[in-house]
Amino acid sequence: MSGGTLRSVMLGDAQADRVVPPSGFTARLTLFASGAMAFLAVFALALSLASGRLADRWASELARSATLRITAPEDQVSAQTSVALTILRQTPGVARARALSAEEQAALLAPWFGPGLDLAALPVPQLIEVMEDEQGYDAAGLRLRLAAEVPGAVLDDHTRWRKPLVEAANSLRRLGWISILLIGGAMAAMISLAANAALAANAQVIEVLRLVGARDSYIAGAFVRRFTLRALIGASVGVALGLGGVLLLPAASDEGGFLTGLGFRGLGWLLPLLIPVLGAAVAFAATWSAARSRLSELS
């Protein structure tokens, strides 16, 4: 479609707009379909953005961290911890290494054993937090040195469980975008059905318009404008309801984990405002295609 044709279709003609029935089944179907799809698109977009933030946070927070666990007889734990800290501080690529205090280790176990846990009553290993710098360290070489000098030390760089978590979050992000594409396709299909029904119901009026010299683009423009406006209104209402639903979701919290904080952040709140515009564009394309096809059949 050329730019001139697009402008003429959107500017329209009040007389041509009377071809499309202002109410009825097609109007209700278009409004409902665009509103429902926009409502679902808001939540799919929120899920996709939240999953992306989660994947980035897990990747950045865990990629440079590791844990050194020292399991040894009680009278050797302190000595092995001191040797391990010395080795870590001498290792190129290790930015920081510190042994967790008894209070910190008790806090880590509190969700399972409750507050006020006495570590002396349990064979809890000593944990050392290891943070690497931008260059990183040689994990294989560090493990070999620790095995030789600190027999009770086990280095865990979180790779085993960090990678599946990040991949799962990225999969959720992709699922959100795929859902948005499917929502757009479903909306286009329903609007096409509504437009075809309206064209079929007005077949006799279209024949009369042709007899008096109306062009197919003139007739199709009337349907395109009406259905595009209906989709814009319906999608706007759906987005408003969707944003209200997102506001009711629980805020981010450490207790809730990744199941909270699924809303938008900062400028992300502006992204749902594009949904009515995209919905109107989908309705425009779907109605134009349906109108041209139907008018060709009626020729």
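Residues numbered from 1 in each chain as written. Predicted model: local features only at pLDDT ≥ 70, side-chain atom pairs only at ≥ 80, totals over all residues. Heavy atoms only, no water.

Chemist: I'm lost on the overall build of the chain in this one. Help?
Modeler: What the chain contains, in helices and strands, is 10 helices and four strands. In sequence order, the secondary structure elements of the chain are arranged as α-α-α-β-α-β-α-β-α-β-α-α-α-α. Of all 299 residues assigned to the chain, the portion counted as buried reaches 39%. Excluding contacts between residues fewer than 6 apart, the proportion of contacts in the chain whose partners are at least 24 apart in sequence is 83%. (Helix = DSSP H or I, 4+ residues; strand = E, 2+ residues; numbered from the N terminus. Buried < 20%, exposed > 50% of the residue type's maximum accessible area, 1.4 Å probe, protein only. Contact = heavy atoms within 4.5 Å.)

Chemist: What should I look at first to understand the side chain of threonine 287 in this one?
Modeler: Within the secondary structure, threonine 287 is located in helix α10 (residues 274-298). By relative accessible area, threonine 287 is classed as buried at 0%. The contact partners of threonine 287, leaving out residues within four places of it in the chain, are Ile191, Ala195, Phe223, Val224 and Phe227.

Chemist: What is the right way to look at the sheet that holds strand β3 (residues 126-132) in this model?
Modeler: Pairing between the strands of a sheet is mediated by backbone hydrogen bonds and can be parallel or antiparallel. Reading across from one edge, β2-β3-β1-β4 is the order of the four strands in this open sheet, with antiparallel pairing throughout. In this open sheet, the two strands that pair with only one neighbour each are β2 (94-99) and β4 (153-156). The mean inter-strand angle of the sheet, taken between neighbouring strand axes irrespective of direction, is 20 degrees. Pairing analysis gives five bridges linking β2 to β3, with the strands arranged antiparallel. Each residue of the ladder has a partner; that of valine 94, found in β3, is glutamate 132. Lying on the sheet, helix α6 (residues 139-149) is in contact with β1 (65-70) and β4; it crosses β4 at an angle near 170 degrees. (Pairing = 2+ DSSP bridges. Axes fitted to C-alpha atoms, helices over the stretch in contact; angles between N-to-C directions.)

Chemist: Got a minute to help me understand the packing of aromatic side chains in this structure?
Modeler: Two aromatic rings are characterised by how far apart their centres lie and by the angle between their planes. Taken as a whole and assessed by the stated rule, the structure comprises two aromatic pairs. Note that arginine 230 overlies the ring of phenylalanine 227, its terminal NZ or CZ placed 5.0 Å from the centroid. (Phe/Tyr/Trp six-rings, centres within 6.5 Å; stacked < 30°, edge-to-face > 60°. Lys NZ or Arg CZ within 6 Å of the ring centre and 35° of its normal.)

Chemist: I'm lost on the pattern of salt bridges in this one. Help?
Modeler: Pairing is possible between side chains of opposite charge, provided their charged atoms come close. Following the criterion strictly, the structure yields four salt bridges and no others. Two residues, arginine 96 and glutamate 129, come together in a salt bridge whose shortest N-O distance is 3.2 Å. Remark: glutamate 129 occurs in strand β3 and arginine 96 occurs in strand β2; sequence separation between them is 33 residues. In this structure, the salt-bridge partner of arginine 98 is glutamate 129, at a minimum N-O distance of 3.2 Å. Residue arginine 98 is found in strand β2, and its partner glutamate 129 is found in strand β3; the two are separated by 31 residues along the sequence. On the basis of relative accessible area, arginine 98 is assigned to the partly exposed category, the value being 31%. With a relative accessible area of 26%, glutamate 129 lands in the partly exposed category. Shared partners join several salt bridges into a network, and the residues in it are Arg96, Arg98, Glu104 and Glu129. (Salt bridge = Lys/Arg side-chain N within 4 Å of Asp/Glu carboxyl O.)

Chemist: How should I be thinking about the packing of helix α8 (residues 203-211) against helix α9 (residues 216-247) in this particular structure?
Modeler: Each pair of packed helices can be summarised by the angle the axes make with each other and by the distance between the axes. At a minimum axis separation of 10 Å, α8 and α9 run at an interaxial angle of 145 degrees. Between α8 and α9 lies a crossing of right-handed hand. Across the interface between the two elements, Ile206, Leu209 and Arg210 of α8 pack against Asp216, Ile219 and Phe223 of α9. Its residues placed into classes, the contact of α8 with α9 shows four nonpolar, no polar and two charged. (Left-handed = near helix turned anticlockwise from the far one by under 90°. Nonpolar A, V, L, I, M, F, W, Y, C, P; charged D, E, K, R; others polar.)

Chemist: Would you mind going over α8 with me for this structure?
Modeler: The periodicity of an α-helix, 3.6 residues per turn, causes residues three or four places apart in sequence to face the same way. Residues of α8 that are buried include every one of Ala203, Ile206 and Leu209, and no others. Buried residues in α8, looked at end-on, bunch into an arc of 120 degrees, giving them a common side. Along α8, exposed side chains directed more than 90 degrees from the buried face belong to Gln204 and Leu211. Immediately beyond the C-terminal end of α8, within one or two residues, lies glycine 213, with a positive phi of roughly 100 degrees. (Arc of directions from axis to C-beta.)

Chemist: How should the pairing of β1 be read in this particular structure?
Modeler: Taken residue by residue, a regular strand's side chains alternate between the two faces of the sheet. The pairing of β1 with β3 spans six bridges and is antiparallel. Its bridge partner lying in β3, threonine 67 is registered against glutamate 129. In this structure, β1 lies alongside β4, joined through four bridges in antiparallel fashion. Bridge pairing in β4 places arginine 69 opposite valine 154.

Chemist: Looking at this model, I keep getting lost on a nonpolar patch on the surface. Mind explaining?
Modeler: Together, Leu31, Phe39, Leu40, Leu229, Leu232, Ile233, Val237 and Leu241 make up a nonpolar patch on the protein surface, roughly 670 Å² of accessible area in all. For the nonpolar patch, the elements supplying multiple residues, two or more each, are α3 (25-63) and α9. If you tally residues by element for the nonpolar patch, the top one is α9, at five residues. Position of isoleucine 233 among the secondary structure elements: in helix α9. For isoleucine 233, a relative accessible area of 43% corresponds to the partly exposed category. (Patch = residues over 30% accessible without salt bridge, like charges linked within 9 Å, V, L, I, M, F, W, Y side chains within 5 Å. Areas by Shrake-Rupley, 256 points an atom, 1.4 Å probe, with all protein chains shown as cover.)

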